[in-house]
There are 2 protein chains.
Amino acid sequence: MAMNLIVGQSGGPTAVINSSLAGVYETAKNLGVNKVYGMLYGIEGLLQEKMVDLDEMLGDIMSIELLKRTPSSYLGSCRCKLPTPEQDESVYETLFRLFDKYEIGALLYIGGNDSMDTIAKLSAYGARIRSEVRFIGVPKTIDNDLMLTDHTPGYGSAAKYIATILKEVIADASVYDIRSVTVAEIMGRHAGWLAGAACMAAGPDCDGPDMILLPEVPFDPENFLKRVDDLQKSKSNVIIAASEGVKTADGTFLCDLVSTAGQLDAFGHKAILSGTSRYLADLIHDNLGCKTRAIEFSTLQRCASHLSSRVDVSEAYQVGGAAVTAALAGESGKMASLKRLASRPYHCITEMIDINAVANFEKTVPLNWITPDGTHVTKEFYEYVRPLIQSELTPIYVNGTPRHVRLG
Amino acid sequence: MAMNLIVGQSGGPTAVINSSLAGVYETAKNLGVNKVYGMLYGIEGLLQEKMVDLDEMLGDIMSIELLKRTPSSYLGSCRCKLPTPEQDESVYETLFRLFDKYEIGALLYIGGNDSMDTIAKLSAYGARIRSEVRFIGVPKTIDNDLMLTDHTPGYGSAAKYIATILKEVIADASVYDIRSVTVAEIMGRHAGWLAGAACMAAGPDCDGPDMILLPEVPFDPENFLKRVDDLQKSKSNVIIAASEGVKTADGTFLCDLVSTAGQLDAFGHKAILSGTSRYLADLIHDNLGCKTRAIEFSTLQRCASHLSSRVDVSEAYQVGGAAVTAALAGESGKMASLKRLASRPYHCITEMIDINAVANFEKTVPLNWITPDGTHVTKEFYEYVRPLIQSELTPIYVNGTPRHVRLG
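Residues numbered from 1 in each chain as written. Chains lettered and ligands numbered in written order. Predicted model: local features only at pLDDT ≥ 70, side-chain atom pairs only at ≥ 80, totals over all residues. Heavy atoms only, no water.

### Concerning the packing of helix α5 (residues 89-101) of chain A against helix α6 (residues 113-128) of chain A
All names here are of chain A.
- Viewed as axis vectors pointing N to C, α5 and α6 meet at an angle of 80°, and their least axial separation amounts to 11 Å. Taken together, the axes of α5 and α6 are roughly perpendicular relative to one another. Here Glu89, Tyr92, Glu93, Leu95 and Phe96 of α5 lie close against α6, whose contacting residues are Lys121, Leu122, Tyr125, Gly126 and Arg128.
- Tallied by class, the residues present in the contact of α5 with α6 amount to 5 nonpolar, 1 polar and 4 charged. (Axes fitted to C-alpha atoms, helices over the stretch in contact; angles between N-to-C directions. Helix = DSSP H or I, 4+ residues; strand = E, 2+ residues; numbered from the N terminus. Parallel < 35°, antiparallel > 145°, perpendicular 65-115°, else oblique. Contact = heavy atoms within 4.5 Å. Nonpolar A, V, L, I, M, F, W, Y, C, P; charged D, E, K, R; others polar.)

Put into structure tokens, the structure is as follows:
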């Protein structure tokens with residue numbers, strides 16, 4: 001097959017988005033694709049014809065090994081939502097002209113919700129103009145909020161990082177013989193998938209978090225304080241894992257109750273919803289009078305590739321490969337998704353699903369995976385997340401730090 | 001030798017303080033010590049006779065392996081500075097009564113400056129009352145601010161963590177094709193050892209930080225902004241590593257220029273000097289108008305045992321062992337210290353030094369290890385820190401997270 005292929009990365013970084021890129025690249029080469037291009041800075045860069053020939057970058061096996069261990073987006077990223085053709089057809093004309101120019105037969109886009117929207121729009125436009133270019137989405141987001149996939153690549157590594165450092169934070173927080181409450185703030189604006197993963201910190205060597213607060217359950221200050229007070233009767237160091245997206249019954253984010261005006265990201269919403277843990281810690285301190293501490297897990301949740309989940313790395317690679325395979329088989333307007341066949345032992349396969357059923361929908365944590373009092377997750381959540389954080393991809397350490405690979 | 005021994009841990013946690021405990025315990029058993037007791041919550045717990053028999057806890061080799069991989073203080077800690085005997089002799093009477101009761105011949109105390117002060121006071125009092133109990137300090141602090149030791153156990157692992165996650169944060173921060181400045185806030189109230197370690201993020205795969213700000217150099221806003229502006233002419237994503245202890249020429253911490261009243265720790269000073277990165281990011285945003293981001297590396301710097309330096313783990317064990325060996329040889333009022341013989345190849349030995357030369361002094365970064373313009377560290381700093389972050393002690397992962405060991 002003399003077709004060329006182009007691949008891009010979009011949206012926020014993850015620890016394994018480059019493993020999907022490795023899966024796309026190697027599968028394309030194995031299946032006889034001629035040239036594999038990478039778009040720089042996603043579709044935004046492509047519109048300016050910013051592209052690289054990946055054969056020059058990833059031609060040797062060591063580069064691929066390092067790529068799988070490199071966090072963030074190797075090709076750069078963007079937060080660009082395409083206009084509809086009705087709003088601005090010139091964008092589409094530019095892109096399809098480039099596809100012609102570079103003899104591109106398939107476009108693979110690794111990203112979250114906005115990226116799937118891009119795939120949906122491009123494939124619809126392509127069908128309208130009878131283009132033969134195929135458009136396939138490769139899922140990626142630590143938020144795990146995409147529909148019709150058991151989970152998203154990136155989530156497992158973020159979950160493993162959260163569970164691991166929470167154990168370390170708990171050990172750190174329990175060191176003095178005094179009453180204290182530690183509130184750890186975990187990413188997740190609208191869904192509690194990441195905060196829920198804190199449950200994996202529990203084991204024979206660690207109690208794990210005493211409470212987990214998710215955006216799916218409205219925050220009730222009275223119940224919350226009563227629960228903290230109860231917990232303090234039986235243990236001196238109480239640990240709370242709270243999603244940054246926890247909000248009150250009227251929909252106000254807790255962080256907005258304290259935080260001052262911050263900078264906006266390219267989408268116009270606040271770059272980081274900081275302040276939830278600070279708000280909760282102050283609430284406890286003011287009402288219960290004990291020592292409190294607020295810790296934000298911050299962006300490391302999405303880029304800590306030194307602690308990635310091997311299951312996650314492999315699955316990210318697999319969906320990349322499945323997407324290429326589908327494109328070469330003639331499919332378009334699809335996303336490669338993950339379908340869990342069993343949890344014990346864990347068994348998961350890829351399947352292709354209609355992009356329109358995914359784009360612009362959000363999956364939240366099922367309410368019956370949250371305890372009735374809204375302060376923890378149930379066994380079902382634990383069983384769900386457990387396989388996703390298993391095993392490691394050992395970093396290749398050079399001079400004391402993990403070696404990555406970078407463009408240019 | 002039928003003598004018993006007691007060991008305690010004090011001050012803030014580190015990733016390797018338990019490796020020193022392992023070194024103390026195993027060396028004591030190898031040298032024929034009868035019972036090894038652990039004091040719970042340091043000298044404060046000992047005053048309440050809170051003790052454990054470590055043979056019951058650490059009797060098998062697997063426990064020792066896990067102990068070396070467990071962050072924070074296994075025995076609990078305190079932030080207690082002993083009164084002088086003139087202020088309150090009853091404290092000393094209580095302690096020496098306990099030493100008699102449990103037939104304790106040596107007390108080992110693993111900690112930082114305040115712990116060395118405790119050893120100094122106990123050994124002076126012991127000499128005065130002609131006690132035969134020996135008192136030896138085992139150094140520990142991520143801050144690396146103890147005198148007369150090349151470096152302190154705990155520093156190397158914190159440095160490795162900082163360099164590693166800074167690489168990941170840089171990858172994350174460079175993902176969009178827009179001008180931005182990221183300010184990473186690193187621990188170190190009065191000395192820049194930890195912030196300086198950020199230099200180890202640089203390599204063929206990463207530029208490392210473009211600026212490093214240390215407490216040793218007064219902060220000059222004008223020079224600072226000019227340097228950031230210059231940097232932005234040649235690269236779009238500028239990275240700044242800043243110590244939490246950066247202060248202006250008149251000694252005001254930058255964080256105090258923005259932060260509101262926080263809670264106090266047991267010593268009466270602010271638990272965490274947050275706000276330095278926020279202040280710098282806002283300064284840049286207001287004056288240069290580009291997108292900025294502030295990230296605090298927080299307490300994980302001291303407790304990320306999943307990323308500890310093997311050199312550090314081994315040296316922490318060695319100073320624990322050297323301290324016990326010295327105590328059994330009759331020494332008292334000493335600290336086990338590290339003496340570097342060479343950097344390439346790295347070679348370091350232990351030696352015993354007078355505790356009075358250590359306690360209550362603080363070691364800062366030599367000014368000639370900082371560049372003349374005060375915005376980076378020199379080759380000397382790099383050569384100093386390089387060996388300390390080398391090699392890894394692989395965590396023992398169980399069910400997706402590193403397994404630790406805990407008391408009881």
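So much for the structure itself; the text now carries on.
### Description of helix α5 (residues 89-101) of chain B
All names here are of chain B.
- The end-to-end C-alpha separation of α5 is 18 Å, in line with the 18 Å expected for 13 residues at 1.5 Å each.
- Buried within α5 are the following residues: Val91, Tyr92, Leu95, Phe96, Leu98 and Phe99. Relative to the axis of α5, the buried residues are bounded by an arc of 150° and lie together on one face. Opposite the buried face of α5, by more than 90 degrees, sit the exposed residues Arg97, Asp100 and Lys101.
- Looking at the buried positions of α5, the neighbouring elements they touch are α2 (42-46), β4 (104-111), α6 (113-128) and β5 (134-139).
- Phi turns positive one or two residues past the end of α5, at Glu103, with a value near 50°. (Expected span 1.5 Å × (residues − 1). Buried < 20%, exposed > 50% of the residue type's maximum accessible area, 1.4 Å probe, protein only. Arc of directions from axis to C-beta.)

### A few points about the sheet that holds strand β7 (residues 211-213) of chain B
Residue and element names in this part refer to chain B.
- Pairing in this open sheet of 4 strands is parallel, and the strands run β7-β8-β6-β9 from one edge to the other. Looking at which strands have only one partner, the edges of the open sheet turn out to be β7 and β9 (291-296). The mean inter-strand angle of the sheet, taken between neighbouring strand axes irrespective of direction, is 20°.
- Relative to β9, strand β6 (residues 180-186) runs parallel, the two being bridged by 6 bridges. Within the sheet, the bridge partner assigned to Glu185 lies in β9 and is Glu296.
- Most of the contacts of helix α9 (residues 221-234) go to β7, to which it runs at about 160°, and overall it touches β6, β7 and β8 (237-243).
- Across the sheet, helix α10 (residues 276-288) lies against β6, β7, β8 and β9, angled at about 175° from β9, the strand it touches most. (Pairing = 2+ DSSP bridges.)

### A closer look at the interface of chain A and chain B
- Between chain A and chain B, the contact holds 62 residues from the first and 62 residues from the second.
- Both faces considered, chain A and chain B share a buried interface measuring about 5200 Å² in area, 49% of it formed by carbon and sulfur atoms.
- Counting the contacts that link chain A with chain B gives 8 salt bridges.
- Counting across the chain A and chain B interface gives 35 residue pairs in polar contact (both at pLDDT 80 or more).
- Residue assignment for the side of chain A that touches chain B shows that the elements contributing at least two residues are α7 (155-173), α10 (276-288), β9 (291-296), α11 (300-303) and β13 (401-402) of chain A.
- Considering every element that reaches the side of chain A that touches chain B, the biggest residue donor is α7 of chain A, with 10 residues.
- Split by residue class, the side of chain A that touches chain B holds 24 nonpolar, 21 polar and 17 charged. (Buried area = accessible area lost by both parts, 1.4 Å probe. Salt bridge = Lys/Arg side-chain N within 4 Å of Asp/Glu carboxyl O. Polar contact = N/O pair within 3.5 Å; in protein donor to acceptor, adjacent residues only side chain to side chain.)

### A closer look at the sheet that holds strand β2 (residues 36-39) of chain B
Residue and element names in this part refer to chain B.
- Pairing in this open sheet of 7 strands is mixed, and the strands run β3-β2-β1-β4-β5-β10-β11 from one edge to the other. The open sheet is flanked by β3 (51-53) and β11 (346-354), the only strands paired with a single partner. Each neighbouring strand pair of the sheet contributes to a mean axis angle of 25°, computed without reference to strand direction.
- Sheet topology note: the strand β10 (residues 334-343)/β11 ladder contains 9 bridges and is antiparallel. Bridge assignment links Lys339 to a residue of β11, and that residue is Ile349.

### Comments concerning the side chain of Ser63 of chain A
All names here are of chain A.
- On the secondary structure map, Ser63 appears in helix α4 (residues 61-68).
- For Ser63, a relative accessible area of 11% translates into the label buried.
- Ignoring sequence-local partners within four residues, the contact set of Ser63 consists of Met57, Leu58 and Val405.

### Quick notes on the nonpolar core
- Formed by 88 residues in total, the largest nonpolar core has its most connected members in Tyr155 and Val385 of chain A together with Tyr155 and Val385 of chain B.
- Look past the residues within four positions of Val385 of chain A in its chain and what remains in contact with it is Tyr155, Ala159, Ala197, Cys199 and Met200 of chain A. (Core = buried A, V, L, I, M, F, W, Y, C linked by side-chain atoms within 4.5 Å.)

### Details of the pattern of salt bridges
- Inspection of the entire model under this criterion finds 50 salt bridges over all chains.
- Linking Asp205 of chain A and Arg403 of chain B is a salt bridge whose minimum nitrogen-to-oxygen distance equals 3.5 Å. Of this pair, Asp205 of chain A sits in the loop between α8 (193-196) and β7 (211-213) while Arg403 of chain B is found in the segment after β13 (401-402), placing the two residues in two different chains.
- One salt bridge in this structure joins Glu383 of chain A and Arg344 of chain A, with 2.7 Å as the shortest N-O distance. Within this pair, whereas Glu383 of chain A is found in helix α13 (residues 379-385), its partner Arg344 of chain A is found in the loop between β10 (334-343) and β11 (346-354), the two being separated by 39 residues in sequence.
- Here the salt bridges do not stand alone but share partners, grouping Asp207, Asp210 and Lys235 of chain A together with Arg406 of chain B into one network.

### A short note on the environment of Gln390 of chain B
- Inspection of the secondary structure assignment puts Gln390 of chain B in the loop between α13 (379-385) and β12 (397-398).
- Spatially, the C-alpha atom of Gln390 of chain B lies 27 Å from that of Leu75 of chain B, the residues being 315 residues apart in sequence.
- Ignoring sequence-local partners within four residues, the contact set of Gln390 of chain B consists of Asn399 and Gly400 of chain A together with Lys160, Ser309, Arg310 and Val311 of chain B.

### Looking at the relation of the copies chain A and chain B
- The transformation that overlays chain A on chain B combines an axial shift of 0.0 Å with a rotation of 180°, and the residual RMSD is 0.0 Å. The transformation just described matches what one would write down for a two-fold rotation axis.
- Interface residue correspondence from chain A to chain B reaches 100%, placing this contact among same-surface, isologous pairings. (Least-squares fit on C-alpha atoms with pLDDT ≥ 70 in both.)

### Some thoughts on the environment of Pro215 of chain A
- Turning to its location among the elements, Pro215 of chain A is positioned in the loop between β7 and α9 (221-234).
- Discounting residues that sit within four places of it in the chain, Pro215 of chain A has contacts with Gly188, Arg189, His190, Ala191, Gly192, Ser243, Gly245, Val246 and Lys247 of chain A.

### A word on the packing of aromatic side chains
- This structure, assessed with the given rule, holds 30 aromatic pairs over all chains.
- Taking the centre distance of 5.4 Å and the plane angle of 45° together, the rings of Phe96 of chain A and Tyr125 of chain A count as tilted. Note that Phe96 of chain A is positioned in helix α5 and Tyr125 of chain A in helix α6, a separation of 29 residues in sequence. Here the two residues Phe96 of chain A and Tyr125 of chain A agree in accessibility, since each one is buried.
- When the ring of Tyr37 of chain B is compared with that of Tyr102 of chain B, the centres are 5.4 Å apart and the planes differ by 70°; the resulting orientation is edge-to-face. A residue pair is termed long-range when its members are at least 10 positions apart, and Tyr37 of chain B in strand β2 and Tyr102 of chain B in the loop between α5 and β4 qualify at 65 residues.
- Here the aromatic residues Tyr92, Phe96, Phe99, Tyr125 and Phe135 of chain A are joined through ring pairs into a cluster of three or more.
- Over the aromatic face of Tyr317 of chain A sits the side chain of Lys68 of chain A, whose NZ or CZ is 5.5 Å from the ring centroid. (Phe/Tyr/Trp six-rings, centres within 6.5 Å; stacked < 30°, edge-to-face > 60°. Lys NZ or Arg CZ within 6 Å of the ring centre and 35° of its normal.)

### A few points about unusual backbone geometry
Residue and element names in this part refer to chain A.
- Residue Pro345 is reached from Arg344 by a cis peptide bond, and omega for that bond is -5°.
- Of note, Pro345 is situated in the loop between β10 and β11.
- Here the phi dihedral of Tyr41 falls at roughly 60°; this positive angle occurs in a residue that is not glycine.
- Relative to the helices and strands, Tyr41 is located in the loop between β2 (36-39) and α2 (42-46).

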